[in-house]
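Architecture and fold: a report
Below are the chains, spelled out letter by letter.
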Amino acid sequence: LCFLTFLGITIFNVGDFKNRFVFWESFLKEHPHSAKGWVTLGKFYKEIGNYDIALEKYKKAEQCDTKEIALHNNMAEIYMIQKKYEEAEREFTKELSFYPENSSVCNNLGLLYEKMERMEDAVKAYQQGLAINPKEQKIHNNIAIIYVRQQRYEDAEKEFKAEISI
């Protein structure tokens, strides 16, 4: 199993799209209970913009292991693209309930709240992410932009300076 996972990752890194789809489809025929396999295959479909099939693969992963890392984050990103914001919020929140130390998910949740025009919630999500990882440049940038929009220029300057000092 480790060798097959390594082979799949190698194919992914080489960038041969056709082979990696074939590999993971084949792998999942032999190992249909591999949540990681379903998530990986779902990511490939997401990358090419086939969101419905990606969600199908993620839902199969969820049936195998609802706590599979990145599963709910990936689902939420698709829901965000599809402007299904409530579903996206539910999935980001679920991912954080399983992996509360994931600053990238906090950033994604902040981006979602911005799309929903819930700026205070966005700031809270970004602050949560910075509490986890104060060196996350993109979060400093995102929160600074909100501060500029809110005319909180001193706060924005502090965040921009933090971003470029990293």
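Higher on the page you've got the structure.
Residues numbered from 1 in each chain as written. Predicted model: local features only at pLDDT ≥ 70, side-chain atom pairs only at ≥ 80, totals over all residues. Heavy atoms only, no water.

1. Focus on unusual backbone geometry
One non-glycine residue, Glu117, adopts positive backbone phi at about 60°. Structurally, Glu117 is set in the loop between helix H7 (103-115) and helix H8 (119-132). Since its relative accessible area comes to 68%, Glu117 is described here as exposed. In this model, Gln151 sits at a positive phi of 60°, which is unusual for a non-glycine residue. On the secondary structure map, Gln151 appears in the loop between helix H9 (137-149) and helix H10 (153-165). Gln151 gets classed as exposed once you look at its relative accessible area, which sits at 59%. (Helix = DSSP H or I, 4+ residues; strand = E, 2+ residues; numbered from the N terminus. Buried < 20%, exposed > 50% of the residue type's maximum accessible area, 1.4 Å probe, protein only.)

2. Examining the environment of Glu157
In this fold, Glu157 is placed in helix H10. Residue classification places Glu157 among the partly exposed residues on the basis of a relative accessible area of 42%. Sequence separation of Glu157 and Tyr147 is ten residues, and the distance between their C-alpha atoms is 8.8 Å.

3. Observations concerning the pattern of salt bridges
Evaluation of the coordinates by the stated rule reveals ten salt bridges. Note that Arg118 and Asp121 form a salt bridge whose closest N and O atoms lie 2.8 Å from each other. Residue Arg118 is classed as partly exposed on the basis of its relative accessible area, which comes to 28%. Across the salt bridge formed by Lys161 and Glu157, the nearest N and O atoms sit 3.1 Å from each other. With Lys161 and Glu157 both in helix H10, this residue pair falls four residues apart, about one helical turn. When salt bridges with common partners are traced through the structure, they connect Glu89, Arg118 and Asp121 into a single cluster. (Salt bridge = Lys/Arg side-chain N within 4 Å of Asp/Glu carboxyl O.)

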